Amino acid sequence: MSSQEEILSDGRFSRVTRDPRFWEMPEKERKIKIDKRFRAMFHDKKFKLKYTVDKRGRPVNHTSTEDLRKFYALSESDSDLSEDDNKEHTEKKKKKKKAKPKGEADS
């Protein structure tokens, strides 16, 4: 630990701590947002693989759904808004279609 502190305090490497290219990515930005249409992949049997050994042959208790949860996140707010917008849009279309025949009948 002290050697890392020495490196960070060294003038030659001081720009590394200030450079955004070397900053760790925040978890909110790290995970890819998935909308509600694809939420079944977190609990569907088709997407679940149970690993018994790792790539080096050591036994492990690991499933692919854990990987999915690590890399993907459900975007509930975005999908809720888009679904509500779609519902309102279809309702407006229905009202307009109903309103047109009444207007045509009057003229």
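Residues numbered from 1 in each chain as written. Predicted model: local features only at pLDDT ≥ 70, side-chain atom pairs only at ≥ 80, totals over all residues. Heavy atoms only, no water.

The name given to the chain in an unreviewed UniProt entry is ESF1 protein, with Syrrhaptes paradoxus as the source organism.

Let us look at the pairing of strand E3 (residues 59-63). Each regular strand displays side chains that alternate between the two surfaces of the sheet. Sheet topology note: the strand E2 (residues 50-53)/E3 ladder contains three bridges and is antiparallel. Bridging from a neighbouring strand, Val 53 pairs with Pro 59 of E3. (Pairing = 2+ DSSP bridges. Helix = DSSP H or I, 4+ residues; strand = E, 2+ residues; numbered from the N terminus.)

Another aspect to go through is the pattern of salt bridges. In the structure shown here, the tally under the stated rule is five salt bridges. One salt bridge in this structure joins Arg 12 and Asp 10, with 2.7 Å as the shortest N-O distance. When its relative accessible area of 22% is taken as the criterion, Asp 10 is described as partly exposed. (Salt bridge = Lys/Arg side-chain N within 4 Å of Asp/Glu carboxyl O. Buried < 20%, exposed > 50% of the residue type's maximum accessible area, 1.4 Å probe, protein only.)

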